[in-house]
Amino acid sequence: MSLLFVRHGETALNAARVMQPADTPLSPRGLAQAQAVAQRLARLRPVALLSSDLPRALQTAQAIGAATGLPVQTTPLLHERNFGAFRGRPHASFDFDPIHMTDAPPDGESMAEFLDRVARAFAASVRLRATLAGPLVVVSHGLVIRALLGPQVAVAPGTALPARIGNTSITEVEAAPPHRAVRIDCMQHLQGATAEDGQSLSGG
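Procedures and definitions
- Residues numbered from 1 in each chain as written.
- Predicted model: local features only at pLDDT ≥ 70, side-chain atom pairs only at ≥ 80, totals over all residues.
- Heavy atoms only, no water.
- Helix = DSSP H or I, 4+ residues; strand = E, 2+ residues; numbered from the N terminus.
- Pairing = 2+ DSSP bridges.
- Phe/Tyr/Trp six-rings, centres within 6.5 Å; stacked < 30°, edge-to-face > 60°.
- Buried < 20%, exposed > 50% of the residue type's maximum accessible area, 1.4 Å probe, protein only.
- Expected span 1.5 Å × (residues − 1).
- Contact = heavy atoms within 4.5 Å.

A.B. asks: How should the environment of Q62 be read in this particular structure?
C.D. replies: By the secondary structure assignment, Q62 is in helix α3 (residues 55–68). In sequence terms Q62 and A34 are 28 residues apart; their C-alpha atoms lie 8.8 Å from each other.

Here it is in structure tokens:
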């Protein structure tokens, strides 16, 4: 059985390529994407649902909970990287890429702090999955899921990792060590009006 990592649905600030404040909710398109991934996940019969408690992730998890009948458990370990004072600014307003900066932004997290938290979030997810008799759905954020690939999740040699993780994409990971990736950034449930915008900001 698996760990199913899901990125939240689209927000208006994703689409506008703005570094997101913590309280950013899903857009109407993001809510539709959440419904689409919820219906797909319901067919996989998950037995537990864990989520970041930031609104964009929590709203996505609540849609999944409604489709599966599962209560939503939350943890701040699954939060997106904290970009502190940079949140609310357009990505294009920086003369460097804040998404990949190693130092901490003012009032934010350094890359090392973020990666340590991601490792702890993954360990907590694995511990919870070990108590279950079926799949665990984990709803989080683009940079969190991307940071799992390699350090925590074993990727087949020669696999090209995505530069970004798409809204409501599913990354399926084997529950047992070495936690191999079964699928990465899968968005087959998104079609037509809900299709992923490859130019939106993944992270922040």
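A.B. asks: Which parts of the structure should I look at to understand the pairing of strand β6 (residues 181–186)?
C.D. replies: If a strand is regular, its side chains alternate between the two faces of the sheet. In the sheet, strand β5 (residues 170–174) pairs with β6 via three bridges, with the strands oriented antiparallel. Its bridge partner lying in β6, V173 is registered against A181. Turn length for the β5-β6 hairpin, with the two strands adjacent in sequence and antiparallel, is six residues, and the turn residue H179 shows positive phi of about 55°.

A.B. asks: What is the right way to look at the packing of aromatic side chains in this model?
C.D. replies: Note on aromatic pairs: each is described by the distance of the centres and the angle between the planes. Under the defined criterion, the tally for this structure stands at four aromatic pairs. On the basis of an interplanar angle of 25° and a centroid distance of 6.1 Å, the ring pair of F5 and F122 is categorised as stacked. Of this pair, F5 sits in strand β1 (residues 2–7) while F122 sits in helix α4 (residues 111–130), placing them 117 residues apart in sequence. Overall, the relative accessible area of 2% leaves F5 in the buried class. With centroids separated by 5.6 Å and ring planes inclined at 70°, the aromatic side chains of F94 and F96 adopt a geometry described as edge-to-face. With a relative accessible area of 37%, F96 lands in the partly exposed category.

A.B. asks: Mind showing me how you'd approach α3 here?
C.D. replies: An α-helical segment advances 3.6 residues per turn. Residues three or four places apart therefore align on the same side. The terminal C-alpha atoms of α3, which comprises 14 residues, lie 19 Å apart, in line with the 20 Å expected from a rise of 1.5 Å per residue. In the core, the buried residues of α3 are packed alongside β1, α2 (28–42), β2 (48–51), β3 (72–74) and β4 (136–140). Backbone geometry just downstream of α3 places G69 in the positive-phi region, at approximately 80°.

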